[in-house]
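Given next are the chains, with one letter for each unit.
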Amino acid sequence: MPRPKAPDRSVAPDPAAEHSAEPIADADLAGEADAPDAQADLTNGDLARIFHDIGDMLEVKGELVFKTVAYHRAADVIGRSPVDLVAAYRAGTPPRLPGVGAAISDKIAELARTGRLAYYERLRAEVPPGLVELLRIPGLGPKTVRQINAELGIERLDDLRAAAQAGRLQGLKGLSAKTEQLILEGIARLDARPARIYLHRARELIDGLIEALNDTPGVHSIEPAGSFRRRRETIGDLDLLAETDDGAALIERFVSLGVVDHVVNRGSAKAAVQLLRGPNVDLMVMPPGSAGTYRIHFTGSKEHNVRLRARARDAGWSLSEKGFLRIGEDGEPRTGDAAELRTCATETEAYAFLGLPFIEPELREDHGEIEAALAGRLPSLITLGDLRGDFHSHSDWSDGVHTIEAMAEAARRRGHAYQVLTDHSQSLAIARGLSRDQVEEQRGIVAGLNERFAAEEAAGTAPPETPPEGFRLLHGCELEVRADGALDYEDDLLASFDVVVASVHVARRQSRADLTRRTLNAIRSPHVDVIAHPAGRMILDRPDLDLDWDQVYAEAARTGTVLEMNGSPHRLDLSADRARRAVEVGCILSIDSDAHKIAELDYLAWGITQARRAWVEPPQVLNTRPRDEVLAWFAAKEQRV
């Protein structure tokens, strides 16, 4: 395998060579594969690049998702490792890499010890490098990428754009003029899309960086700041704030991490880097005991901070990250013996210095939080612990991964009183929607599980997390609202579910009038309890449904139909501004995971942060209530309609 060149971390790399691993010809390594100095210049970052490349190429080949993800995760672990892996393997003391399985560990060993990886060489021979770029077009999957490459020889994005514009794609089996148009729209979105990442990916990166830096001598704490701490829907750059006695040592460790592609800048109190396959990260250091104003300053938002600085100046102080400086009549900080700096150990102290109560990070957007704080009207924001259940989850009966029982057990062990099983309805074939017979069969399974849960609770053998009211799996469905506005199941079947969650997936390009009519048809049904992801959002990938939101809010409030705040980080639907408006109109909300596997039950946390950004309080969310109150609310809808 060609030997990757160690990157110069002080300057940005040549974009054209970003994914290249060929600065030296294979022949240069001939006969040297086992030589101790064959990889003298190979860093953890170089190893990480190679394993990211493998993950990309496997995706193009159509391998199972778990396999491609495993290689990308291994690359992240390699990049964060504080151990020089090449040196460790050559010395016969390879470290244990958490989360890396035996097969990938063997490949790391082969690469580190010999400078070659036969598996990587084979993939590079099979997958043209440009195909990875094509896979990044929204909506274009591996199968279509391979077909276009095999039949038209297309390997680059510009060539694909030209072929679609010329109408050459619609001649391929299974591809139509509509497919061509969707590909062109996907390329346009790719060109226009800002380099932003989802919240859960930002969380993974932040956690990995903190883990890699936390044991640096002198460090007291490292925490996220910036837009991630405010939980904006997507994140651009990442911000870390570190309290340390030795800022220089921490910054040196930071810029030397294997996950760093290049160093943007560095100084005595701040450094910025770009991560491999990732965003820029700013690290700011602060002296112990003065974190309050640093946290406020680097959390933002800019508009919120401008308001705070103005308030400080009105009181005779200049506010910066370092604290409050007394200013003179000329508006400039006092100097000499008259100089005065006030620092704050906590944000609460800093806000109090300005005559304000603590303002939660999610509210710091200058959307009325300063006025509410002064008037004593800040909301009592909802927390994850307020939720007693989840109205939206899937199993392997439709498009989920895990069994009904496994999903229910996982929910039960979260301390919830209820979980609603909402597999898709019959017409959504792409999600393996359930026929009427399958619904009845599934109902029996749910009943059997609930009998077991009740027996275990009576015998005292239920999991210790089980709440006093016990746990029950509620039988529901995610009901498709068809293109003509009809509901996907007949009324008699809908009436038999504990909970019906309705959504629009198909015919998204209809007019505002038609899309609104379909949504209102669901809201006005006596059997539909919740409207799932009402805007049909897929953040960064497609536009929201074009609805008349005033009509939607009004009818949802009148009928008591719940509007969902979907916690999937790809959706976060309702948006914060829509959720806030819905509550103002009188709507009731739910916060749901839309989990398709056990791990995604954690998506409730992202739904909570979105609700907090919308100023939502617990009484405005139905699934903060006990199970009997929830079922009573749904049962009463027929009278409200």
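The text that follows walks through the structure, step by step, so that each part is easy to find.

Reading guide: rules and limits
As a convention, each chain's residues are numbered from 1 in the sequence order in which they are written. Only residues with pLDDT of at least 70 get local features here, since the model is predicted, and only at 80 or more are side-chain atom pairs given and counted; chain-wide, interface and lining totals rely on the full set of residues. Side-chain metrics in this entry use all non-hydrogen atoms of the structure; hydrogen atoms and water are not considered. Secondary structure is summarised from DSSP: a helix means a run of H or I of at least four residues, a strand means a run of E of at least two, and numbering begins at the N terminus for each. Computation of the radius of gyration draws on C-alpha atoms alone. For the globule rule, the value is 2.2 Å times the number of residues to the power 0.38. For each residue, the accessible area found with a 1.4 Å probe, counting protein chains only, is set against the maximum for its type, and the residue is called buried under 20%, exposed over 50%, and partly exposed in between. Residue contacts are counted whenever heavy atoms from the two residues lie within 4.5 Å of one another. Under the convention used here, a 1.4 Å probe and the Shrake-Rupley method define accessible areas, while residue burial counts only the protein chains that appear. The sign given to each residue is positive for Lys and Arg and negative for Asp and Glu; His and the chain ends receive no count. We put the charge of a Lys on NZ, of an Arg on CZ, of an Asp on CG and of a Glu on CD. Pairing between strands is defined by DSSP: at least two bridges between the two strands are required. Each axis is a line fitted through C-alpha atoms, taken for helices only over the stretch in contact, and angles between the N-to-C directions span 0 to 180 degrees. Just to be clear on terms, a salt bridge is a Lys or Arg side-chain nitrogen sitting within 4 Å of an Asp or Glu carboxyl oxygen. Note on terminology: angles under 35 degrees are roughly parallel, angles over 145 are roughly antiparallel, angles of 65 to 115 are roughly perpendicular, and the others are oblique. By the definition used in this description, the sense in which the near helix is turned from the far one sets the handedness, with an anticlockwise turn below a right angle giving left-handed and a clockwise turn giving right-handed. Any residue that is not Ala, Val, Leu, Ile, Met, Phe, Trp, Tyr, Cys, Pro, Asp, Glu, Lys or Arg is counted as polar, Gly included; the first ten are nonpolar and the last four charged. Buried Ala, Val, Leu, Ile, Met, Phe, Trp, Tyr and Cys residues that are joined via side-chain atoms within 4.5 Å together make up what is termed a nonpolar core.

Topic: the overall build of the protein
Right, on to step 1. The helix and strand inventory of the protein stands at 25 helices and 17 strands.
Right, on to step 2. Expected size for 641 residues packed as a compact globule is a radius of gyration near 26 Å; at 28 Å, the protein falls within 12% of this value.
Right, on to step 3. Classification of the 641 residues of the protein by burial places 52% in the buried group.
Right, on to step 4. Sequence separation of at least 24 residues holds for 70% of the intrachain contacts in the protein that already meet a minimum separation of 6.
Right, on to step 5. On the protein, roughly 27500 Å² of surface is accessible, and the fraction owed to carbon and sulfur atoms is 50%.
Right, on to step 6. Between the averaged position of the 78 positive side-chain charges in the protein and that of its 102 negative side-chain charges there is a distance of 1 Å.

As for helix α21 (residues 549-559)
Right, on to step 1. Residues Trp549, Val552, Tyr553, Glu555, Ala556 and Thr559 constitute the buried set of α21.
Right, on to step 2. Against α20 (512-524), β16 (562-566), α22 (576-585) and α25 (637-640) lie the buried residues of α21.
Right, on to step 3. Count one or two residues on from α21 and you reach Gly560, which has phi positive near 75°.

Observations concerning the sheet that holds strand β10 (residues 341-342)
Hydrogen bonds between backbone atoms are what pair the strands of a sheet, whose relative direction is either parallel or antiparallel.
Right, on to step 1. What the 3 strands build is an open sheet, ordered β8-β9-β10; its pairing is antiparallel. Edge positions in the sheet fall to β8 (317-320) and β10, since each of these pairs with one other strand and no more.
Right, on to step 2. Where strand β9 (residues 323-326) and β10 come together, 2 bridges link them in antiparallel fashion. Bridging from a neighbouring strand, Leu325 pairs with Leu341 of β10.
Right, on to step 3. Running at roughly 155° to β8, helix α14 (residues 302-314) makes contact with β8 and β9 of the sheet.

Describing the pattern of salt bridges
Right, on to step 1. For the coordinates displayed, the defined rule picks out 47 salt bridges.
Right, on to step 2. Across the pair Arg277 and Asp56 runs a salt bridge whose closest N-O atoms are separated by 2.5 Å. Note that Arg277 is positioned in the loop between β6 (270-275) and β7 (280-286) and Asp56 in helix α1 (residues 44-60), a separation of 221 residues in sequence.
Right, on to step 3. Given a relative accessible area of 9%, Asp56 falls into the buried group.
Right, on to step 4. A cluster of three or more residues bridged by salt bridges with shared partners is formed by Glu405, Glu409, Arg412, Arg413, Arg452 and Glu456.

Examining the environment of Arg388
Right, on to step 1. Position of Arg388 among the secondary structure elements: in the loop between α16 (369-374) and β11 (389-393).
Right, on to step 2. In this structure, the C-alpha to C-alpha distance between Arg388 and Leu622, residues 234 residues apart in sequence, is 9.3 Å.
Right, on to step 3. Residue contacts for Arg388: discarding those within four places in its chain leaves His416, Ala417, Tyr418, Glu469, Asn623, Thr624, Arg625 and Pro626.

Examining the environment of Lys67
Right, on to step 1. Within the fold, Lys67 resides in helix α2 (residues 65-80).
Right, on to step 2. Given a relative accessible area of 28%, Lys67 falls into the partly exposed group.
Right, on to step 3. Distance in space between the C-alpha atoms of Lys67 and Cys477 is 31 Å, their sequence separation being 410 residues.
Right, on to step 4. For Lys67, the residues in contact, after removing those within four places along its chain, are Leu58 and Tyr119.

Quick notes on unusual backbone geometry
Right, on to step 1. Backbone torsion omega between Gly300 and Ser301 reads 5°, so that peptide bond is classified as cis.
Right, on to step 2. Tracing the backbone through its elements, the reader meets Ser301 in the loop between α13 (291-299) and α14.
Right, on to step 3. You will see that Arg277, though not glycine, has its phi angle at about 55°, which is positive.
Right, on to step 4. Judged by relative accessible area, Arg277 falls into the partly exposed class, the value being 30%.

Observations regarding the side chain of Glu409
Right, on to step 1. Secondary-structure assignment places Glu409 in helix α17 (residues 404-412).
Right, on to step 2. The exposure class of Glu409 is buried, given its relative accessible area of 15%.
Right, on to step 3. Apart from the residues lying within four places of it in its own chain, the contact partners of Glu409 are Arg452 and Phe453.

Regarding the packing of α1 against helix α5 (residues 118-126)
Right, on to step 1. Relative to each other, α1 and α5 sit at 45°, their axes nearing to 10 Å. Overall, the two elements α1 and α5 adopt an arrangement that is oblique. In the crossing of α1 with α5, the sense of the turn from one axis to the other is left-handed. Contacts between α1 and α5 involve Ile50, Asp53, Ile54, Met57 and Leu58 from the first element and Tyr119, Tyr120, Leu123 and Arg124 from the second.
Right, on to step 2. Looking at the contact of α1 with α5, its residues break down into 7 nonpolar, no polar and 2 charged.

What about the environment of Thr516?
Right, on to step 1. Relative to the elements of secondary structure, Thr516 occurs in helix α20.
Right, on to step 2. Distance from Thr516 to Ser503, taken between C-alpha atoms, is 12 Å for residues 13 residues apart in sequence.
Right, on to step 3. Beyond its immediate sequence surroundings of up to four residues, Thr516 is in contact with Asp546, Leu547, Asp548 and Gln551.

Overview of the nonpolar core
Right, on to step 1. Grouped together as the largest cluster of nonpolar side chains are 54 residues, with contacts concentrated most on Leu479, Tyr489, Leu563 and Leu589.
Right, on to step 2. Residue contacts for Leu563: discarding those within four places in its chain leaves Ile531, Pro534, Tyr553, Ala556, Leu574, Ala582, Cys587, Ile588, Leu589 and Ser590.
Right, on to step 3. Formed by 48 residues, the second largest nonpolar core is a distinct cluster that contains Met57, Leu85, Leu157 and Leu172.

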